[in-house]
Amino acid sequence: MVKDPLLPSFYICLKGSDYGVNEQFPPEIEQRRRRLYPIMKEERRKRANVVLKISYTLMMKYSDHSYICLLGDFNARTGDDLDFTTYEEFSGRFDLNDVSLNTLASSNINILRKNMDEKKNNFGNIFLQLFRANNLFICNGRIWEDKYKGQFTCENVSVVDYVIGSANCLTLFQNFSNLETSKLFSDAHTPLSLSMCIYENEKRNHFKRELHIN
């Protein structure tokens, strides 16, 4: 593919043809991106290196949801840095008046997580910023069989495969573990196993259904 200098920066021409490729997002995402365009233009006017990330616009769409779960290979190494922000960072104490942290504590879920992978990369830093801004928590090294462990998920040297959820979502999980590496799925990555209970209503006194994800 080649770039035509007369076309907008986001438009790419297919080599040897009059056809091109253009970014196109769903209307609800584009509507939220428009709010960020003026900020991006102003920062670029100041010669700042600014890129509009689709991950942030997606989270803007779902940030008001109580139950959010993300899982997969994110190529992000996060070390053991905090994936949340407290109001008492300078004192080193956790603010349990924070709704999300209080939800974890009241459900006997560790506020701090463990991670056998002590290294971080740029994706990891972006990842952590995303979590802190949207009250999301890493399950690895925090719950069930991986609690206090944070086992490696890739070639026994790094953690790049995650299950992430909002505090309310974490309370639904019935199990979380790292399975043995299987060449059927990947030569490098360790499968993650997750079980959760989905209730008919928030009072949790009606029918519940178990969901298993490997």
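Residues numbered from 1 in each chain as written. Predicted model: local features only at pLDDT ≥ 70, side-chain atom pairs only at ≥ 80, totals over all residues. Heavy atoms only, no water.

By the naming in an unreviewed UniProt entry, the protein is Endonuclease/exonuclease/phosphatase domain-containing protein, taken from Mytilus edulis.

Visitor: Is there a simple way to explain the overall build of the protein in this structure?
Guide: Secondary structure summary: the protein contains 5 helices and 8 strands in total. Of the regular secondary structure in the protein, the N- to C-terminal order runs β-β-α-α-β-α-α-β-β-α-β-β-β. Across the protein, contacts joining residues at least 24 apart in sequence account for 61% of those joining residues at least 6 apart. With the model as given, the accessible surface of the protein reaches about 14,100 Å², and the carbon-plus-sulfur share is 51%. (Helix = DSSP H or I, 4+ residues; strand = E, 2+ residues; numbered from the N terminus. Contact = heavy atoms within 4.5 Å. Areas by Shrake-Rupley, 256 points an atom, 1.4 Å probe, with all protein chains shown as cover.)

Visitor: Where do I start with the pattern of salt bridges in this structure?
Guide: Side-chain pairs of opposite charge can arise whenever the charged atoms involved come near each other. Summed over all chains, the structure comprises 4 salt bridges. Linking Asp 117 and Arg 77 is a salt bridge whose minimum nitrogen-to-oxygen distance equals 2.8 Å. Of this pair, Asp 117 sits in the loop between helix 3 (99-106) and helix 4 (122-134) while Arg 77 is found in the loop between strand 3 (69-73) and helix 3, placing the two residues 40 residues apart along the sequence. In this structure Arg 77 comes out as partly exposed when scored by relative accessible area, which is 21%. Between Arg 113 and Asp 83 there is a salt bridge, with its nearest N and O atoms 4.0 Å apart. (Salt bridge = Lys/Arg side-chain N within 4 Å of Asp/Glu carboxyl O. Buried < 20%, exposed > 50% of the residue type's maximum accessible area, 1.4 Å probe, protein only.)

Visitor: Could you clarify how one ought to interpret the sheet that holds strand 3 in this entry?
Guide: Sheet strands pair via backbone hydrogen bonds, and the direction of the pair is either parallel or antiparallel. Here 3 strands make up an open sheet; going across it, the order is 3-5-4 and the pairing antiparallel. Each edge of the sheet is formed by a strand with only one pairing partner; in this case those strands are strand 3 and strand 4 (136-138). With strand direction ignored, the average angle separating the axes of adjacent strands in the sheet is 20 degrees. The pairing of strand 3 with strand 5 (residues 161-166) spans 5 bridges and is classified as antiparallel. If you follow Leu 70 over to strand 5, its bridge partner there is Ile 164. Against the sheet, helix 4 makes contact with strand 4 and strand 5, and its axis sits at roughly 135 degrees relative to strand 4, the strand it touches most. (Pairing = 2+ DSSP bridges. Axes fitted to C-alpha atoms, helices over the stretch in contact; angles between N-to-C directions.)

Visitor: It is not clear to me how the side chain of Ser 177 should be interpreted in this structure. Could you clarify?
Guide: Within the secondary structure, Ser 177 is located in strand 6 (residues 173-178). With a relative accessible area of 6%, Ser 177 lands in the buried category. Those residues in contact with Ser 177 that sit more than four places away from it in its chain are Glu 145, Pro 191, Leu 192 and Ser 193.

Visitor: Sorry, what's going on with the environment of Leu 82 here?
Guide: Structurally, the position occupied by Leu 82 is in the loop between strand 3 and helix 3. Given the relative accessible area of 33%, Leu 82 is considered partly exposed. A C-alpha to C-alpha distance of 9.3 Å links Leu 82 and Phe 137, two positions 55 residues apart in sequence. Ignoring any residue separated from it by four or fewer positions in sequence, one finds Leu 82 in contact with Leu 112, Leu 128 and Arg 132.

Visitor: Looking at this structure, how should I read the nonpolar core?
Guide: The nonpolar side chains of soluble globular proteins are, as a tendency, buried together. Core analysis: the largest hydrophobic core is formed by 17 residues, its most contacted members being Phe 137, Ile 143, Val 163, Leu 170 and Phe 173. Leaving out residues up to four positions away in the same chain, Leu 170 has contacts with Leu 104, Ile 109, Phe 137, Cys 139, Arg 142, Ile 143 and Gly 165. Counting 11 residues, the second-largest nonpolar core is a separate cluster that includes Phe 127, Phe 131, Phe 152 and Ile 164. (Core = buried A, V, L, I, M, F, W, Y, C linked by side-chain atoms within 4.5 Å.)

Visitor: Help me out: how do you make sense of the environment of Arg 132 in this one?
Guide: Looking at the secondary structure, you find Arg 132 in helix 4. Along the sequence, Arg 132 and Thr 85 sit 47 residues apart, while their C-alpha atoms lie 5.8 Å from each other.

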